[in-house]
Amino acid sequence: MGTVRRATALTAVPLIVALFACSAGGAPPGGTAAEAAQAAQPVGGAQLGGHGVVVNPAPGVKEPPKVDASSYIISDGDTGEILAAKDPHGHYLPASALKTLTSVALIPKLDRNAMIRPTEATVDVEGTKVGMSPALTYRVSDLFKAMLMVSGNDAALALTQAAGGLPRSLALMNTEARRLQAYDTLAGSPNGLDVDLGLSVNTQHTSAYDLSLVMRQGLRMKDFREYVSTVNADWPALPSKKERDKGHRSGGYPIYTHNRLLRPGHSQYPGMIGGKNGYTVAAQQTFVGAARRNGHTIIISLMHSPELWPYATELLDWGFAARGRVRPVGTLVGPVTPVKKKPKQDAGLAPLGRRNAGDLGLISLGAGAAAALVVAGGAAIMLVRRRRRRAADPAGDPVSPAAGPQPGTPAAPSPEQPAAGFDERIEPPTR
């Protein structure tokens, strides 16, 4: 596992930006046809191309709440219909709301029961931390909880260690964003830090639309729903002096979610599933979350906002009141289904099994050379057999083609296992 250091984060950013930089329309250069098509029309529908408030008025439905957030989305999480929006595709710094993408990208890649020992650089990361020690190991599932509950930047870096290092984790995040058609998104960090890592809106950004796409995908994942809906949990730690004096070999303390709409208190929102808030001076308040009432799910996201919890409550309330009554202004698109390419066959050759192709050494040959080698090899074998028959050497056994791989031939790799499927249902969490 690569050591995660702050210097690594800084040097990795230009690499990731070069690999995943988006064009003005949002599609990376040389991207897929879907990415090219979205440059001509905003993803999700033509009405989502504006920068102001977008809503289709309906009789008896109030206008969306007037909030000072620069951007927001109110959508039906079950159907994907966008009920109202403001600058939905505007690019803004994500702050810790980006940790939802970190989760959606890494949850399928990591064993939730694996144990990770953090590096010194990981535990010394800037900003909000859950508190970790290189002397301890931590379970992957606990790291996801710490990242989403208390916004642990150290937990986010520890997860990148588990996923093979910071550059690989950022690549996974940006690849997942492309798969979800979140073309407004460019991740330069796994935890949403910006100025501390030398990042600006040019090198790390997302949109309210993309955050909603990521949240909807997360709600399809059982583990994600568990992590974002957890209100409190126990966090392992080294024993304190008092605990050591009492003979305890381990310590720990409780952690509580930062999501005020989820935990008990005056801001608690009935039916709240979960979500992720974020804040940096440059990004201001950011949030993406979902609630479910009477069998219906509303997803909201807001960015670059001076307020958070009152605005989030107003957006959710309006969404539940307007759902099914207003004509949608757009839709949350589904993930792109990867096209499986068929392996190319050399013309003039019958298909070869992995073992036979490796034994004969034909994979790297062209059609003509391969055919010539097959013919020449067969002729040589027949010639040897004829000579041995003529010589009638009783001690000589006929030469026979090998029935399998020869000693030293590497075994053929096993076929890739299909990716684990996601639970497509969106259900309220079990508390």
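Each remark here, short or long, concerns the structure printed above.
In what follows, the accompanying structure is described. What you see is a predicted model; the values in this text were computed from it and never measured.

**Overview of the overall build of the protein**
- Along its length, the protein carries 13 helices and 11 strands.
- Taking all 431 residues of the protein together, the buried fraction comes to 46%.
- Within the protein, contacts between residues separated by at least 24 positions form 67% of all contacts whose residues are at least 6 apart in sequence.

**Looking at the packing of aromatic side chains**
- Following the criterion strictly, the structure yields three aromatic pairs and no others.
- Aromatic pair Phe144 and Tyr227: ring centres 5.4 Å apart, planes at 10 degrees, arrangement stacked. Separated by 83 residues along the polypeptide, Phe144 in helix H5 (residues 140–149) and Tyr227 in helix H9 (residues 222–229) bring together distant segments of the chain. The same class applies to Phe144 and to Tyr227, which are both buried.

**What about the pattern of salt bridges?**
- Under the defined criterion, the tally for this structure stands at six salt bridges.
- One salt bridge in this structure joins Glu63 and Lys66, with 3.2 Å as the shortest N-O distance.
- A salt bridge links Lys145 to Glu226, with the nearest nitrogen and oxygen atoms 3.6 Å apart. With Lys145 in helix H5 and Glu226 in helix H9, the pair connects residues that are 81 residues apart, well separated along the chain.
- A relative accessible area of 26% means that Glu226 is categorised as partly exposed.
- Through salt bridges with shared partners, one network takes in Arg112, Lys145, Asp223 and Glu226.

Calculation notes
Residues numbered from 1 in each chain as written. Predicted model: local features only at pLDDT ≥ 70, side-chain atom pairs only at ≥ 80, totals over all residues. Heavy atoms only, no water. Helix = DSSP H or I, 4+ residues; strand = E, 2+ residues; numbered from the N terminus. Buried < 20%, exposed > 50% of the residue type's maximum accessible area, 1.4 Å probe, protein only. Contact = heavy atoms within 4.5 Å. Phe/Tyr/Trp six-rings, centres within 6.5 Å; stacked < 30°, edge-to-face > 60°. Salt bridge = Lys/Arg side-chain N within 4 Å of Asp/Glu carboxyl O.

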